[in-house]
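So the chains spell out like this:
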Amino acid sequence: MMSSDLHKEILESLRNKQEEMVGTLEELTNIDSPSTDKAHIDRFSNMLAEKWKETGASVHILEQKEYGNHVRAEWGKGESQVLILCHMDTVWAAGETAKRPFRVENGKGYGPGAYDMKGGIVETLYAVKTLSELGLAPKNRIVVLNNSDEEIGSPSSRPLIEEEAKKSKAVLVLEPSAQGGSLKTWRKGVGMFEVAIQGRAAHAGADYTRGISAVQEAAHQILYLHGLTDLDEGTTVNVGIVQAGTRSNVVAEEAHLRVDLRVKTQEAADWVLPKILGLKPVDPRVNITVTGGLNRPPMERNQKNLALFQLARAIGQNMGIDLSESGTGGGSDGNFTSALGIPTLDGLGPVGDDAHSPGEYVLLSSLPERAAVLAGLLMEI
Ligand SMILES: [Zn+2]
């Protein structure tokens, strides 16, 4: 490991850049980048590509037809590679930043997507800038993948992420930290399903027995699905949307359920998936079709991820920054890379709170600190 003096020098240099970092965060936050709006997100990727070029990185815009363009930046030399993942998209529609532009209050930076996760992009830019200024060369080349579609499940970027991850010694994910600044060593896997239940319509008064109620069948299936929840195992099944029926005097012909599944381990996924996909009707006259599956595999709390966390913690200790470990039920692109067996550490983005809500904020003093830990990791991996 580098001397703790060098770690402190990195932190010091970044602390001197805090104001500049906040300025960059303001600039990035005030450009709308909704996942589903190609024109806006392409504007953002062009701007970010320019910022990466300024660091001396070799930059490629990866053009996409349907989704926003991704940006790949490669910096430094080395036979082996470390991958950094930063998504550029936010959950906020175009026009949101005009309504709620970035603002600073009591040491906190507020604005759409500032915490999730434009703050992480700023950290990455400045970690690289600082290493470059201090003349420090990591052993590995650094590849930063800025994708445009994480918030909608990474449909177009997943293959790119997996391809880069397979070439990498480690993957660092700059998603926001967990509560209080914890790093994330695990994330649950996420499944999404649609259940279509087909019965037979009939007059509820004159012809009740000719009807096959999709609503009654849905009630059985909802209770069964929720019954698959196992909190000790970390498995949850939630029917979040129920649509059924047309009139109270009609036996309902159709019902549709939308189901969310969360699992902590692949073993739990293997147990529950066939049960959901193989739903059997309680009334044998009913037809049930289930579509969907696991959208993100679980990022398990394994030895490889823990080792990366321990390294980050040791670097933090050298800098006087206390780093704890945690996990979450929400998925990220780290799920894909960890499931491939590549050591993955997530939650390296800023400290803050309230992602996906108008109250979301970044604790501004955490920007240089977390960027310093990231720079330390890039030197030590
Ligand atoms: Zn995010």
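Residues numbered from 1 in each chain as written. Predicted model: local features only at pLDDT ≥ 70, side-chain atom pairs only at ≥ 80, totals over all residues.

**Student:** Can you help me understand the domain arrangement of the protein in this one?
**Tutor:** Put simply, an interface is often sized by how much accessible area is lost when its parts join up. Along its sequence, the protein is carved into domain 1 (4–187 + 299–380) and domain 2 (189–296). On a C-alpha basis, the centroid separation for the pair domain 1 and domain 2 is 38 Å. Contacts between the two partners involve six residues from domain 1, matched on the other side by seven residues from domain 2. A class-by-class count of the residues in the side of domain 1 that touches domain 2 yields one nonpolar, four polar and one charged. (Domains from an automatic or database assignment. Contact = placed C-beta atoms within 7 Å. Nonpolar A, V, L, I, M, F, W, Y, C, P; charged D, E, K, R; others polar.)

**Student:** Explain the sheet that holds strand β18 (residues 361–363) here, please?
**Tutor:** By way of backbone hydrogen bonds, the strands of a sheet pair with one another, either parallel or antiparallel. The strand order across the open sheet built from four strands is β4-β5-β18-β17, with neighbouring strands paired in antiparallel fashion. Each edge of the open sheet is held by one strand with a lone partner, namely β4 (103–105) and β17 (352–353). (Pairing = 2+ DSSP bridges. Helix = DSSP H or I, 4+ residues; strand = E, 2+ residues; numbered from the N terminus.)

**Student:** Where do I start with the pairing of strand β2 (residues 70–75) in this structure?
**Tutor:** Every other side chain in a regular strand lies on the same face of the sheet, so the side chains alternate between the two faces. Where strand β1 (residues 58–62) meets β2, five bridges bridge the pair, whose relative direction is antiparallel. Residue pairing for β2: I61 is matched across the bridge by V71. As judged from the five bridges shared by β2 and strand β6 (residues 141–147), these two strands associate in the antiparallel manner. What sits directly across from A73, in β6, is V144.

**Student:** Whenever I open this one, the sheet that holds strand β13 (residues 254–263) confuses me. Can you help?
**Tutor:** In space, the four strands of this open sheet follow the order β11-β13-β9-β14, with antiparallel pairing throughout. Here the strands that pair on one side only, and so sit at the sheet edges, are β11 (236–244) and β14 (287–296). Neighbour-to-neighbour, the strand axes of the sheet open up by a mean angle of 15 degrees, direction not taken into account. Across the sheet, helix α7 (residues 214–227) touches β9 (189–198), β11 and β13, and the angle it forms with β11 is around 165 degrees. Each of β9, β13 and β14 touches helix α8 (residues 266–277); the most contacted strand, β13, lies at about 175 degrees to it. (Axes fitted to C-alpha atoms, helices over the stretch in contact; angles between N-to-C directions.)

**Student:** What is the right way to look at the packing of helix α1 (residues 4–15) against helix α5 (residues 114–133) in this model?
**Tutor:** To characterise two packed helices, one gives the angle between the axes of the helices and the distance between these axes. In contact at an axis separation of 10 Å, α1 and α5 are set at 115 degrees when each is read in the N-to-C sense. Classified by chirality, the crossing of α5 by α1 is right-handed. Here α1 contributes I10, S13 and L14 to the contact with α5, which in turn contributes Y126, T130 and E133. Taken together, the residues that form the contact of α1 with α5 break down as three nonpolar, two polar and one charged. (Left-handed = near helix turned anticlockwise from the far one by under 90°.)

**Student:** Sorry if this is basic, but what is going on with the environment of G331 here?
**Tutor:** Position of G331 relative to the elements: it lies in the loop between β15 (325–328) and α10 (334–339). Linking G331 and G189, residues 142 residues apart in sequence, is a C-alpha distance of 6.3 Å. Each residue touching G331, except ones within four places of it in the same chain, is listed here: R187, K188, G189, V190 and R296.

**Student:** Can you walk me through unusual backbone geometry in this structure?
**Tutor:** Residues apart from glycine generally show negative phi values, whereas peptide bonds are mostly found in trans. Cis rather than trans, the peptide bond between D116 and M117 has omega equal to -10 degrees. When you line up the elements, M117 lands in helix α5. Its identity as a non-glycine residue notwithstanding, S154 has a phi of 55 degrees, on the positive side. Along the chain, the position of S154 falls in the loop between β6 and α6 (158–166). By C-beta crowding, S154 is classed as buried, having 27 other C-beta atoms within 10 Å. (Buried ≥ 20, exposed ≤ 12 C-beta atoms within 10 Å, placed from the backbone.)

**Student:** Hey, could you run me through the packing of α1 against helix α11 (residues 366–380) in this one?
**Tutor:** Contact pair α1 / α11: the axes reach a minimum separation of 9 Å and the direction vectors enclose 140 degrees. With respect to their mutual orientation, α1 and α11 come out oblique. Where α1 crosses over α11, the handedness of that crossing is right-handed. From α1, H7, I10, L11, L14 and R15 reach across to α11, where they touch P368, E369, A371, A372, A375 and G376. Broken down by class, the residue content of the contact of α1 with α11 amounts to seven nonpolar, two polar and two charged. (Parallel < 35°, antiparallel > 145°, perpendicular 65-115°, else oblique.)

**Student:** I'm lost on the nonpolar core in this one. Help?
**Tutor:** Across soluble globular proteins, you tend to see nonpolar side chains buried next to one another. Judged by nonpolar contacts, the single largest core of 69 residues is most densely connected at L85, L172, L174, A312, L374, A375 and L378. When residues of this core are assigned to their parent elements, the largest contribution, ten residues, is made by α5. The contact partners of L378, leaving out residues within four places of it in the chain, are V82, A127, L131, P138 and I142. Core analysis: the next-biggest nonpolar cluster, separate from the first, contains 21 residues, A218, L225, L257 and V259 among them. (Core = buried A, V, L, I, M, F, W, Y, C linked by C-beta atoms within 7 Å.)

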